[in-house]
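Below, each chain spelled out in residue letters.
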Amino acid sequence: MSIHPLPPPKPATGIGRLPVARWFVFAAAVTTAAFLAGAAVIMKMIADARAMNPKPEVAEQIGLLNVALWVLFLVLLAAGLGLGFIVYFAVLKPIAQLTDQVRTVAGGDFDHRLGVERPAELAELSSHVDSMRRRILSAWRTASDQADELRRSNGDLEQFAYVASHDLQEPLRKVASFTQMLDQRYGDQLDDRAKQYIHYAVDGAKRMQLLINDLLDFSRVGRVTNGRGAVATRPALNAALENLSAAIEDAEATVTADELPTVLGNRTQITQLFQNLIENAVKFRSESPPRIHIGATRSGDMWEFSCSDNGIGVAPRFAERIFLIFQRLHPRDVYPGTGIGLALCRKIVEFHGGQLWLDASGEDQGTTFRWTLPAAGEGDHD
């Protein structure tokens, strides 16, 4: 197996850093010293009593007491040795065995079995730990197989992207161009219905090209990037506005923005995020000229952005549906598009570790989208 070893254990602190065996040795030494001191005191007291020349009956009782004390001493000595034997073989040695086994697993041998036979408590504990090891190992192997399958799937996706960008678009360009040439050359010989058919064919080919390009953009998120670094979002917004300058001018839209921060991300994708949201606001406008505002506020380690407009708005019940790919709330002849824009925006934001959602709390007309992006740290750079 190819699993990295676990990090070294955290060292113990305070008096708990001493091993259990040393605690037992210390307790045994203190107990033995106290017992010997007590025995010495008692023997001295007996010797002092005999030196006083007691009566024969008293001397006899003192002798019996001396014998009893020696018997008690031997019994306690045997019990202490037996207790030490039990502690070593029933507690300390099994703990050492379990520690060695756990250390072996932590060192990288995750197939090594854990288990001790005694005492019952440690045997049960080792059984539970080994069961947990097996479940984690099984889950890791399953995840590894899924990761391999995902890599193969990504390879197939890259192949599809290549085919879509080359082999599929070329026939579409030919269909559109030759159909237009047919209209130009034989247009005076065609009736209105034939010209309508030609228009449908050209429009269908162009929409298919647009759909393929949007699918390619969607598939590239998180797969084909120039890396991530500190991105100043104001220049990214300016680039998006420059790309949409014609649409903004035609709609007589006004776009304003707060002072925008620097975030950690991919410059191209953040520009695309701004562009899609602003284009969406311009497209779904009301009778009044579009007014769009981009805001930003700090929220912990993230920046929360917002894009507000005075357009037709979105009903709260569609707050999640609009982020699904190919989901449209309006007919194509009313509002053109492929239905991928907001799904692409959410994928870009989630790739950067943030969230994108529809703010349905406002009662004013229009739509407000909010999203989060990680703030750039001092060590981040483009």
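Residues numbered from 1 in each chain as written. Predicted model: local features only at pLDDT ≥ 70, side-chain atom pairs only at ≥ 80, totals over all residues. Heavy atoms only, no water.

1. Side note on the overall build of the chain
The test is simple: Secondary structure counts use DSSP, requiring at least four H or I residues in a row for a helix and at least two E residues in a row for a strand, with both numbered from the N terminus. Exposed residues in this analysis have more than 50% of their type's maximum accessible area, buried residues have under 20%, and partly exposed residues fall in between, with area computed by a 1.4 Å probe over protein chains only. In what follows, a contact means two residues having at least one pair of non-hydrogen atoms within 4.5 Å. Accessible areas in this description were obtained via Shrake-Rupley with a 1.4 Å probe; residue shielding takes into account the shown protein chains only.
Along the backbone of the chain there are eight helices and seven strands. Taking all 382 residues of the chain together, the buried fraction comes to 27%. Here the analysis covers contacts within the chain between residues at least 6 apart in sequence; of these, 68% occur between residues at least 24 apart. When the accessible surface of the chain is split by element, carbon and sulfur atoms take 58% of a total near 24,900 Å².

2. Details of the environment of V105
Its place among the elements puts V105 in helix α2 (residues 56-106). With a relative accessible area of 11%, V105 lands in the buried category. A sequence separation of 28 residues divides V105 from R133, and the C-alpha atoms of the two residues are 9.0 Å apart. Not counting residues within four places of it along the chain, the set of residues in contact with V105 comprises F110, H112, L114 and R133.

3. Quick word on the sheet that holds strand β6 (residues 356-358)
Quick reminder of the rule: Following DSSP output, two strands are said to pair if at least two bridges run between them. Convention adopted: a line fitted to C-alpha atoms gives each axis, helices being fitted over their contacting stretch, and angles between N-to-C directions are expressed from 0 to 180 degrees.
Spatially, five strands are ordered β2-β4-β5-β7-β6 in an open sheet, and the strand pairing comes out mixed. Edge strands, defined here as strands with exactly one partner in the open sheet, are β2 (254-257) and β6. Direction aside, neighbouring strands of the sheet carry axes that sit 15° apart on average. Strand direction decides the pairing type here: β2 and strand β4 (residues 291-299), joined by four bridges, are parallel. Note that in β4 the partner of A257 across the bridge is I294. Packed onto the sheet, helix α7 (residues 267-283) meets β2, β4, β5 (302-308) and β7 (368-374) and runs at close to 175° relative to β7. The sheet strands contacting helix α8 (residues 341-351) are β6 and β7, and the helix crosses β6 at an angle near 135°.

4. What to know about the nonpolar core
Spelled out, the test is: Only buried residues count toward a nonpolar core, which is a set of Ala, Val, Leu, Ile, Met, Phe, Trp, Tyr and Cys residues joined through side-chain atoms within 4.5 Å.
Core analysis: the biggest nonpolar cluster contains 40 residues, and F274, L277, I278, F305, F369 and W371 have the highest contact counts within it. Looking at this core, the elements that each hand over two or more residues are α5 (233-243), α7, β4, β5, α8, β6 and β7. Excluding its chain neighbours within four sequence positions, the residues that come into contact with W371 are L273, F274, L277, W303, E304, F305, S306, C307, V349, Q355, L356 and W357.

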